[in-house]
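# Descriptive analysis of the structure
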Amino acid sequence: MRKIDVFGHKQNQARPLYLIVLVFFFVFAGYYISNYLQNQRLAELEAEQARIQTQINQVVNTPVEEIYYQIGEIIFQLPNTFDEYNIVNDLNYIRSASGLLESGFYQAKIKDQAKSPYSFSLSNTIKFVQIDVSFDTNYPERVLDYLDYITSLDRFYYVSDVRISFVEDSPDYVQITLYSFYNDVELDS
C-alpha cells in the first residue's frame, strides 16, 4: 500500500487493521450474546416443560372416584317398562361415537325377561334385558371406547362379557354381552 494518496496526504496503514479488529469484536460479541439469550430461553422452556409435566402427572395419577350404589338405592331410577327403541338408540349412539360405524356385520340381539347375570337375588319386580352385540373391526382399540360410552349413558348397563377374536389377515371379531334393567311396577298417575 502506498504511504501517500493521490492528493499528497499521508495514509495511515493501521486503519484497515483497526477496522478488521472492530468487526471481529462485534462478530464475537454478537455470537456470545446470541448464545447467552438462546441458552436463557432454552432454560425457561425447560422449566415450563417440567411444570407442565408435573401438572400432567398430577392429573394422570389422580384416582377417579367411583361410586357404587346398592340396588335398593337406585331401584327408583330404573325405567318401569321395557323400551327396545331406547336401547337401540343407545347402541347406535355408542357405535357412532366410538368410531365403529364402518364395522361390518354389526348385530345387536335384545332379549327381554332374561335370566339375572348376578348370583344374588334381587326384587321380583326387577326384570333383566340381555343384549348381545357382535361386530368385526380393524380397530380393536375402539372397543374400549365403545365400553367407555356404555358407562357414560343415563340408562344402567351391566357389561357381563367381552370377547375379541384376533384372526390374521382379517378383521377382529368382537362379542359383547350387556344387561339392562327395568323395574316392572305399575305407577299411579
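Let me begin by describing the structure that accompanies this report.

### Re the sheet that holds strand β1 (residues 107-114)
As summarised here, the arrangement of the four strands in space is β1-β2-β4-β3, forming an open sheet in which the pairing is antiparallel. Edge positions in the sheet fall to β1 and β3 (157-165), since each of these pairs with one other strand and no more. Within this sheet the neighbouring strands show an average axis-to-axis angle of 15 degrees, counted without direction.

### Observations concerning the side chain of T177
Turning to its location among the elements, T177 is positioned in strand β4 (residues 172-183). Overall, the relative accessible area of 15% leaves T177 in the buried class. Of note is the side chain of T177, whose polar atom sits 3.2 Å from the side chain of D132. Aside from chain neighbours lying at most four places away, what touches T177 is Q130, I131, D132, Y158, V159, S160 and D161.

### Brief notes about the packing of aromatic side chains
The full count for this structure, using the stated rule, is 13 aromatic pairs. A centroid spacing of 5.9 Å and a plane angle of 45 degrees characterise the contact between F24 and F28, whose relative ring orientation is tilted. One end of the pair is F24 and the other is F28, both in helix α1 (residues 15-61) and four residues apart, which spans about a single turn. Measuring from ring centre to ring centre gives 5.7 Å for F135 and Y146, while their planes differ by 50 degrees; the resulting arrangement is tilted. With a gap of eleven residues between them, F135 in strand β2 (residues 126-137) and Y146 in helix α4 (residues 142-151) connect regions that are remote in the sequence. The class for Y146 is buried, based on a relative accessible area of 0%. For R95, the ring lying beneath its charged end belongs to Y106, and the centroid distance is 4.2 Å. Lying across the ring of Y139, R142 places its NZ or CZ 4.1 Å from the centre.

### Some words on the nonpolar core
Residues L91, I131, V133, F135, Y146 and I176 are the most contacted members of the largest nonpolar core, which totals 19 residues. Looking at this core, the elements with two or more residues in it are α3 (84-97), β2, α4 and β4. In terms of nonpolar packing, the next biggest core, distinct from the first, is built from eight residues, I75, L78, L122 and F181 among them.

Thresholds, definitions, all that
- Every chain is numbered on its own, with residues counted from 1 as its sequence reads.
- This being a predicted model, a pLDDT of at least 70 is required before a residue's local features are given, and a value of 80 or more before pairs of side-chain atoms are given or counted; all residues contribute to the totals for chains, interfaces and linings.
- With hydrogens and water excluded, all non-hydrogen atoms of the structure serve as input to the side-chain values.
- By the convention used here, strands pair only if DSSP detects at least 2 bridges between them.
- Here a strand is any run of E in DSSP of at least two residues, a helix any run of H or I of at least four, and the numbering for each starts at the N terminus.
- Here an axis means a line fitted to C-alpha atoms, over the contact stretch when the element is a helix, while the angle between two N-to-C directions is reported on a 0 to 180 degree scale.
- Type-normalised accessible area, obtained with a 1.4 Å probe on protein chains alone, sets the label of each residue: buried when under 20%, exposed when over 50%, and partly exposed for intermediate values.
- Any pair of N or O atoms that falls within 3.5 Å is considered a polar contact. Within protein, one atom must be able to donate a hydrogen and the other to accept it, and sequence-neighbouring residues count only if both atoms are side-chain atoms.
- Contacts were defined at the residue level, with two residues in contact if any of their heavy atoms lie within 4.5 Å.
- Stacked, edge-to-face and tilted labels apply to pairs of Phe, Tyr and Trp rings (six-membered ring for Trp) whose centres lie within 6.5 Å, assigned for plane angles under 30 degrees, over 60, and everything in between, in that order.
- A positively charged side chain is recorded as over a ring if its NZ (Lys) or CZ (Arg) lies within 6 Å of the ring centre. The angle to the ring normal must also be within 35 degrees.
- Here, nonpolar core means buried Ala, Val, Leu, Ile, Met, Phe, Trp, Tyr and Cys residues that are tied together by side-chain atoms lying within 4.5 Å of each other.

On their own, these measurements won't tell you what the molecule is for.
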